[in-house]
Structure formats: C-alpha cells, structure tokens
Amino acid sequence: MKILVLNGSPRKGNTVTAIHAFAEGARDKNEIEIIDTYKLNVGPCMGCGACECHKGCVAKDDTNTIVDKLVDADVIIFATPVYWWGITAQMKLVLDKCYCKGMMLKGKKVGVIVVGGSTTDNEQYRLIRGQFQCISEYLEWDILFHKSYYASGKEDLAGDAEALAELRTEGARI
C-alpha cells in the first residue's frame, strides 16, 4: 500500500519521533512517503469555488501537488503537535485545500497521531479528535487509529518505550 504521512510539525521533536516509529512498523509491507507540511508553499483556500471539489485548485502553489498525492495514497497518516488546542496551521492549510478535490478523497483509510504538552485527558485532544471525526464522517473515511501522546520536552516521546511500541504496532497492522 501507498502510505502518505503528513507531518504537521516544523520541529524535529516528538511528532517526528512518532512518525518514525510508525514508519518503522509499516515499512516492511508498504511504500511510505513523509511530507513535511511546513516545507510546502500552500496558501489558504479562498473559497472561490472554481475547483468544484474535483478540478483542482487554481492557486499557483503546491496545493495540487500535495492533494494529488493524498488522492493517490491508499492510507493517509496525519501527525501533528498540538498548537493552541488544535492542529498546526501548516496541517490546517493542507486540510483546507483538500476541498479542491474533496470528493476524490472519499473512503480513504486514515490514521491520526497527536502529540501535546498536556496530559491526554486534556480538552485539546478531544477537540482534535472531533475535527477528524467530522471530516471522516463527511468523506466516509475509515479511521484506522487515533493516538494521542503527552510529551512536553523535546525528547520525551523518544524515551517512552510503550508509546513507540504502540506506534510500531499500528504501522505493522497496515
């Protein structure tokens, strides 16, 4: 399977650690591509409607390239740190621009990895889960997993053997 991992973090810390653990588990049976959303040139959706949800975006940026990769993927993994009780702006830009081919994203298999500086019973994780749940209901996504992790220090997740094993297991299941 083609797995596309969207990294919402501009830092080389816990989210990247989580992605690498997942990829380690998935690598044997799958083709994996990791895209750093912070390196993309993606502007905000202007709501112009020219795309008609299937034609692609008229913006002259990286939107069509990244959305085409999402359309082509068998599995999409969204990995993001928590910024102000939500996903990063970089991840949100990509999600918003998915509108340009939204109907071509129906029925995708997805996974969500969230890493934040508060314990996982904090409201921020519920809000992010709710956002992905709404998207998945609309686009009929099959959410394979939604994992949330607490890691406040830059290297915290790297020292959490249980979390890393869990992520490797999720990767191996795909």
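Refer to the structure presented above.
Quick look at the structure, then. (Residues numbered from 1 in each chain as written. Predicted model: local features only at pLDDT ≥ 70, side-chain atom pairs only at ≥ 80, totals over all residues. Heavy atoms only, no water.)

**A look at the overall build of the chain**
Link 1 in the chain: In terms of regular secondary structure, the chain is built from 5 helices and 5 strands.
Link 2 in the chain: Reported as C-alpha extents along the three principal axes, the dimensions of the chain are approximately 45 × 35 × 30 Å.
Link 3 in the chain: Sequence separation of at least 24 residues holds for 79% of the intrachain contacts in the chain that already meet a minimum separation of 6.
Link 4 in the chain: Here the chain has roughly 8,600 Å² of accessible surface; of this, 51% comes from carbon and sulfur atoms.
Link 5 in the chain: Treating the 21 positive side-chain charges of the chain as one cloud and the 23 negative ones as another, the clouds have centres 4 Å apart. (Helix = DSSP H or I, 4+ residues; strand = E, 2+ residues; numbered from the N terminus. Contact = heavy atoms within 4.5 Å. Areas by Shrake-Rupley, 256 points an atom, 1.4 Å probe, with all protein chains shown as cover. Lys, Arg positive; Asp, Glu negative; His and termini not counted. Charge placed at Lys NZ, Arg CZ, Asp CG, Glu CD.)

**Details of the sheet that holds strand S2 (residues 31–36)**
Link 1 in the chain: Reading across from one edge, S2-S1-S3-S4-S5 is the order of the 5 strands in this open sheet, with parallel pairing throughout. Where the open sheet ends on each side, the last strands, each with one partner, are S2 and strand S5 (142–150). Across this sheet, the average inter-strand angle for adjacent strands is 15°, counted without regard to direction.
Link 2 in the chain: When strand S4 (residues 109–116) meets S5, the two strands line up parallel, connected through 8 bridges. Residue Ile113 lies in a different strand from S5, and its bridge partner there is Lys147.
Link 3 in the chain: Its contacts with the sheet put helix H1 (residues 14–26) on strand S1 (2–7), S2, strand S3 (75–81), S4 and S5, and the angle it makes with S1 is roughly 170°.
Link 4 in the chain: Each of S1, S2 and S3 touches helix H2 (residues 63–72); the most contacted strand, S1, lies at about 140° to it. (Pairing = 2+ DSSP bridges. Axes fitted to C-alpha atoms, helices over the stretch in contact; angles between N-to-C directions.)

**Observations concerning the packing of aromatic side chains**
Link 1 in the chain: What the rule picks out here adds up to 4 aromatic pairs.
Link 2 in the chain: Measuring from ring centre to ring centre gives 5.7 Å for Phe22 and Phe145, while their planes differ by 40°; the resulting arrangement is tilted. With Phe22 in helix H1 and Phe145 in strand S5, this pair connects stretches of sequence that are 123 residues apart.
Link 3 in the chain: Under the relative-accessibility criterion, Phe145 is labelled buried at 5%.
Link 4 in the chain: Ring centres of Phe78 and Phe132 lie 5.1 Å apart, and the angle between their planes is 45°; this geometry places the pair in the tilted category. With a gap of 54 residues between them, Phe78 in strand S3 and Phe132 in helix H4 (residues 123–139) connect regions that are remote in the sequence. When sorted by exposure, Phe78 lands in the same class as Phe132, which is buried.
Link 5 in the chain: Here a set of aromatic residues connected by ring pairs shows up, and it is made of Phe78, Phe132 and Trp141. (Phe/Tyr/Trp six-rings, centres within 6.5 Å; stacked < 30°, edge-to-face > 60°. Buried < 20%, exposed > 50% of the residue type's maximum accessible area, 1.4 Å probe, protein only.)

**Quick look at the pattern of salt bridges**
Link 1 in the chain: The tally for this structure, following the rule as stated, stands at 13 salt bridges.
Link 2 in the chain: As a salt-bridge pair, Arg168 and Glu24 come within 3.2 Å of each other at their nearest N and O atoms. Here the residue Arg168 occupies a position in helix H5 (residues 161–173), and Glu24 occupies one in helix H1, the gap between them amounting to 144 residues.
Link 3 in the chain: The class of Glu24 is partly exposed, set by a relative accessible area of 46%.
Link 4 in the chain: Here Asp142 and Lys109 are joined by a salt bridge, their closest N and O atoms 3.5 Å apart. (Salt bridge = Lys/Arg side-chain N within 4 Å of Asp/Glu carboxyl O.)

**A few points about the packing of H1 against H5**
When two helices pack together, their arrangement is given by the angle between the helix axes and by the axis-to-axis distance.
Link 1 in the chain: Running from N to C, H1 and H5 point in directions that differ by 45°, and their axes come no closer than 6 Å. In this view, H1 runs oblique relative to H5, as classed from their interaxial angle. Seen along the crossing, H1 lies across H5 with a hand that is right-handed. Within the contact between the two elements, H1 uses Thr17, Ala18, Ala21, Phe22, Glu24, Gly25 and Ala26 and H5 uses Leu164, Leu167, Arg168, Glu170, Gly171 and Ala172.
Link 2 in the chain: Of the residues contributing to the contact of H1 with H5, the split by class is 7 nonpolar, 3 polar and 3 charged. (Parallel < 35°, antiparallel > 145°, perpendicular 65-115°, else oblique. Left-handed = near helix turned anticlockwise from the far one by under 90°. Nonpolar A, V, L, I, M, F, W, Y, C, P; charged D, E, K, R; others polar.)

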